[in-house]
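Inside the fold
Each chain is listed here by its residues.
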Amino acid sequence: MKIPFLSLKDVTALHGVEINEAVSRVVNNGWYLQGQENEQFEEHYSKYIGCKYTIGCANGLDALIWIFRAYIEMGVMQPGDEIIVPANTYIATILAITENNLIPVLVEPKVSTLEIDDSLIEARITPKTKAIAIVHLYGRMAISPKILELCKMHHLKLVEDNAQAHGCIYAPTGQRTGSIGDAAGHSFYPGKNLGALGDGGAVTTNDPDLAVAVRALANYGSQEKYVFKYTGRNSRLDEVQAAILDVKLKYLEKDNQHRKAVAAYYIEHLDNMNVTLPDTLPMEQNAFHLFPILVGEGKRDALHDYLERNGVGTVIHYPIPPHKQECYVKEVWNNPQLSLPITEKIANEELSLPIGPSISLEEVAEVVRLINDFV
Ligand SMILES: *Cc1c(COP(=O)(O)O)cnc(C)c1O
């Protein structure tokens, strides 16, 4: 039995007929950028997320870059200001900060949740701190009442990186991620819970000024044709991708329900003394983009290789944390003692098991059987 980590071909095939119809419609109508497919998708996505504005853009990294850039253009932030960000994240969150000449202040995660440790945030707030960039990594809710309180008390913007958590709900208020903070960046990279067939991203917000600035920045800095307010870039979502996303959005809840069934099976049946699962969240607080496990005592790579030999694909998220990457290794960001043992432990022990809308529960049972037999 071959069980890939994620078969995008199978994921697309789930809604293949409708996706093909949508693509043909756009191909044949002859309008490929900034048209009614974007308008429709943005309207539907705002409704789904529960926010006033959605601005489609080229990818998730750009979405995050535009949020910080817009805050700079609006005078809310200036280069050199500090942004609190989890050390355990995909590098895009941090690139969006450094791209704008803002300073990332890396905060360790809790090993039990893999998300930012909210008890460590307050000590890192300085007069230069302007925002907390929260990341719902692996699809797990990363916002806590304490984080919301800190933002209020210290007048910080809350920027959500919602690249991995489309559909995740904050239980205390019933709000979806992407509508809880002041602004959110979303990625529609093909493997994400809501994935395009190519690159795509969006900013969501309730702030009309931010929405207008982001829309301009992602369109050459222009609000009016051939009039340029900012030095922007070309960072738009194309009509074909918007049409595909609008089809897939209709099935996101159903697809996420399947992810939850897969996760529930893993949680109930995984039983190996080398394997630790992160704390189980209330089901609505986890969109299960990934199913991360920690494998202790240096056995992570052995488990990866053993599963590979037995036909099961797994992926490490992520093998090298951002602060250890060549591009950042010399940066100390006002913190020469930068030491992040928990982030490094996660990088050494994390392994993501197959999960997605198309994997069958028989396949999941086979993955569990193999892991439980692993010594
Ligand atoms: C995928 C991802 C991004 C970037 O999205 P792209 O569309 O690939 O640019 C940002 N942050 C996180 C946490 C991601 O997983």
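Structural data are supplied above this passage.
Residues numbered from 1 in each chain as written. Predicted model: local features only at pLDDT ≥ 70, side-chain atom pairs only at ≥ 80, totals over all residues. Heavy atoms only, no water.

Describing the site of the ligand
Taken together, 14 residues surround the ligand, and among them G60, D161, Q164, S187 and K192 come closest. In this structure, an oxygen atom belonging to the ligand sits 2.8 Å away from a main-chain N or O atom of G60. For the ligand, an oxygen atom lies 2.9 Å from a polar atom in the backbone of L61. Isolated, the ligand exposes 380 Å² of accessible area, and the fraction of that covered by the protein chains is 91%. Across the shell around the ligand, the residue classes break down as seven nonpolar, five polar and two charged. (Near = heavy atom within 4 Å. Polar contact = N/O pair within 3.5 Å; in protein donor to acceptor, adjacent residues only side chain to side chain. Areas by Shrake-Rupley, 256 points an atom, 1.4 Å probe, with all protein chains shown as cover. Nonpolar A, V, L, I, M, F, W, Y, C, P; charged D, E, K, R; others polar.)

Looking at the sheet that holds strand β12 (residues 275-276)
Judged by pairing direction, the sheet is antiparallel, and its three strands sit side by side in the order β12-β13-β14 without closing on themselves. The open sheet has two edge strands, β12 and β14 (350-353), and neither has a second partner. Examined bridge by bridge, β12 and strand β13 (residues 291-295) share two bridges and lie antiparallel to one another. Bridge pairing in β13 places V275 opposite V295. (Pairing = 2+ DSSP bridges. Helix = DSSP H or I, 4+ residues; strand = E, 2+ residues; numbered from the N terminus.)

Side note on the packing of aromatic side chains
Per the stated rule, a full pass over the model turns up eight aromatic pairs. Ring geometry for Y266 and F291: centres 4.8 Å apart, planes at 35°, overall tilted. Note that Y266 is positioned in helix α9 (residues 252-269) and F291 in strand β13, a separation of 25 residues in sequence. Both residues of the pair, Y266 and F291, count as buried. Residues Y306 and F374 carry aromatic rings whose centres are separated by 5.1 Å and whose planes lie at 45° to one another, so their mutual orientation is tilted. Pair noted here: Y306 is in helix α10 (residues 300-309) and F374 is in the segment after α12 (361-373), with a separation of 68 residues, a long-range link. Here Y306 matches F374 in class, with each residue buried. An aromatic cluster is built from F41, Y45 and F188, whose rings are joined through pairwise contacts. (Phe/Tyr/Trp six-rings, centres within 6.5 Å; stacked < 30°, edge-to-face > 60°. Buried < 20%, exposed > 50% of the residue type's maximum accessible area, 1.4 Å probe, protein only.)

Considering the environment of G298
Examined against the element boundaries, G298 turns out to sit in the loop between β13 and α10. You can call G298 exposed: its relative accessible area is 72%. Each C-alpha atom of the pair G298 and T177 lies 34 Å from the other, and the pair is 121 residues apart in sequence.

With respect to the sheet that holds strand β4 (residues 129-135)
If you trace the seven strands from one edge of the open sheet to the other, you get β1-β9-β8-β5-β4-β2-β3, paired in mixed fashion. The sheet is open, and its two borders are formed by β1 (53-57) and β3 (103-107), each paired with just one other strand. Taken over all neighbouring pairs, the strand axes of this sheet differ in orientation by 20° on average, direction set aside. Relative to β4, strand β2 (residues 82-86) runs parallel, the two being bridged by three bridges. Residue pairing for β4: I84 is matched across the bridge by I132. Along the sheet face, helix α3 (residues 36-49) touches β1, β8 (183-187) and β9 (201-205) and points at about 125° away from the line of β1. Here helix α6 (residues 145-153) sits on the sheet in contact with β4 and β5 (157-161), set at roughly 140° to β5. (Axes fitted to C-alpha atoms, helices over the stretch in contact; angles between N-to-C directions. Contact = heavy atoms within 4.5 Å.)

Some thoughts on the packing of helix α4 (residues 60-73) against helix α7 (residues 208-217)
The N-to-C vectors of α4 and α7 enclose an angle of 115°; their axes lie 9 Å apart at closest approach. In this structure, α4 meets α7 at a crossing whose hand is right-handed. Contacts between α4 and α7 pair W66, I67, R69, A70 and Y71 from the former with L210, A213, V214 and L217 from the latter. Tallied by class, the residues present in the contact of α4 with α7 amount to eight nonpolar, no polar and one charged. (Left-handed = near helix turned anticlockwise from the far one by under 90°.)

Description of the side chain of S352
Structurally, the position occupied by S352 is in strand β14. A polar contact of 2.8 Å, which involves the side chain of S352, links it to the side chain of H317. Here E350 takes part through its side chain, which lies 2.7 Å from a polar atom of the side chain of S352. Here S352 is in contact with F5, L290, F291, P292, T314, V315 and H317, once residues within four sequence places are set aside.

Side note on the pairing of β8
Most of β8 is tucked away: five of the five residues are buried. Along β8, one buried face is formed by A183, G185 and S187 and the opposite face, lined by A184 and H186, is buried too. Where β5 and β8 come together, three bridges link them in parallel fashion. Each residue of the ladder has a partner; that of E160, found in β8, is A184.

Shape is all these values report; function is a separate question.
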